[in-house]
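Fold and geometry: a report
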Amino acid sequence: MLFGHNTDVKVAETVYHVQTEDRGTANGLIDTTVYCRGRVLHRRTNNYIDLLPLDPERENSLRKRIDDQHRAVTEEIRTGALHLVPPPQPARKTPAAKKAGNSAARANAPAPLALELINVKTWLVGKHANLHVGVRKKQNGEVLAGALVVARIEGAEQAAEFSVETGADGQARLQFEMPHLTGAEPALVIEVTQADSRGQLKFQLKARPRATA
C-alpha cells in the first residue's frame with residue numbers, strides 16, 4: 001500500500017508544491033519533491049529497508065516517517081531553512097509588444113504534448129485511483145522524460161491535486177484515494193507541462209449520492 005502527502009506552501013508571493021510519497025516496498029524509499037512553476041527545485045529521499053517486510057506495526061512506523069519527512073520539508077520552506085530559488089515569473093508584455101510579437105510567437109509556439117491515460121478502463125477500483133499516464137511530443141511521437149504531470153479532481157468536497165514527474169520512458173503513475181464528489185459536473189483533469197509545452201485530458205465523473213437515514 002502506498003502513502004503520501006501533497007501540500008502547497010506559500011512564501012511571500014511564491015507557492016511551492018511539496019509532494020511526499022512511498023515509492024512502494026519494491027523500492028523501499030520515501031521520496032519528497034518540491035515543485036515551483038512546473039520545475040523541480042528540491043528532492044529528498046530516504047529508505048525504509050529496516051522496516052521490511054511490513055506488518056501492521058511497521059506500517060504505522062512507515063506512516064510516521066512519511067509524515068515526519070513531509071512536515072520537515074514544508075517547515076524548512078516556511079522558515080527559510082531550505083533555501084530555494086523559484087523560477088522567474090513569465091514576463092508581462094504591453095499590448096503594443098504583444099501585437100508586434102504575434103507573428104514571431106506563432107512561428108516559435110511550443111509544440112503541444114500528447115497525454116495518454118494508459119489504463120483508461122481500470123484506473124479506478126473502488127475508491128482507489130491508480131493513474132498510469134504516458135507523455136509524448138505530438139510533433140514526432142518522442143517520449144518525454146522529466147515532464148510534470150498533475151491530476152486534480154474538480155467538484156471534490158475538498159481540494160485534491162496530485163503531481164509526479166515522468167520517467168525515462170515518458171510514463172508516470174499517480175495513486176491516491178478518491179475524494180467525495182459534490183460538484184454539479186465533477187471531473188478528473190490530468191495536465192502535463194514541460195517548459196512552455198502543455199497537454200491536458202479531462203474525464204467527466206459521476207458523483208454518487210450519499211445514503212440518507
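Residues numbered from 1 in each chain as written. Predicted model: local features only at pLDDT ≥ 70, side-chain atom pairs only at ≥ 80, totals over all residues. Heavy atoms only, no water.

1. As for the nonpolar core
Core analysis: the largest hydrophobic core is formed by 25 residues, its most contacted members being Leu131 and Ile190. Secondary-structure elements contributing two or more residues to this core are strand S5 (113-117), strand S7 (128-137), strand S8 (148-154), strand S9 (161-165), strand S10 (171-177) and strand S11 (187-194). The element contributing the most residues to this core is S7, with four residues. Apart from the residues within four sequence positions on either side, isoleucine 190 is in contact with Leu115, Leu117, Leu131, Val133, Val149, Val150, Ala151, Gly199, Gln200, Leu201 and Phe203. Judged by nonpolar contacts, the second largest core, of nine residues, contains Val9, Val34, Cys36 and Leu84. (Core = buried A, V, L, I, M, F, W, Y, C linked by side-chain atoms within 4.5 Å. Buried < 20%, exposed > 50% of the residue type's maximum accessible area, 1.4 Å probe, protein only. Helix = DSSP H or I, 4+ residues; strand = E, 2+ residues; numbered from the N terminus. Contact = heavy atoms within 4.5 Å.)

2. So, the pairing of strand S3 (residues 29-36)
For a regular strand, side chains alternate in direction, first toward one face of the sheet and then toward the other. Burial within S3 is extensive, with seven of its eight residues counted as buried. The pairing of strand S2 (residues 14-22) with S3 spans six bridges and is antiparallel. Paired with valine 18 across the bridge in S3 is valine 34. The antiparallel pairing of S2 with S3 creates a hairpin that spans six residues between the two strands, and glycine 24 there sits at a positive phi of about 95 degrees. What sits between S3 and strand S4 (residues 39-47) in their antiparallel hairpin is a turn of two residues, with arginine 37 showing a positive phi close to 55 degrees. (Pairing = 2+ DSSP bridges.)

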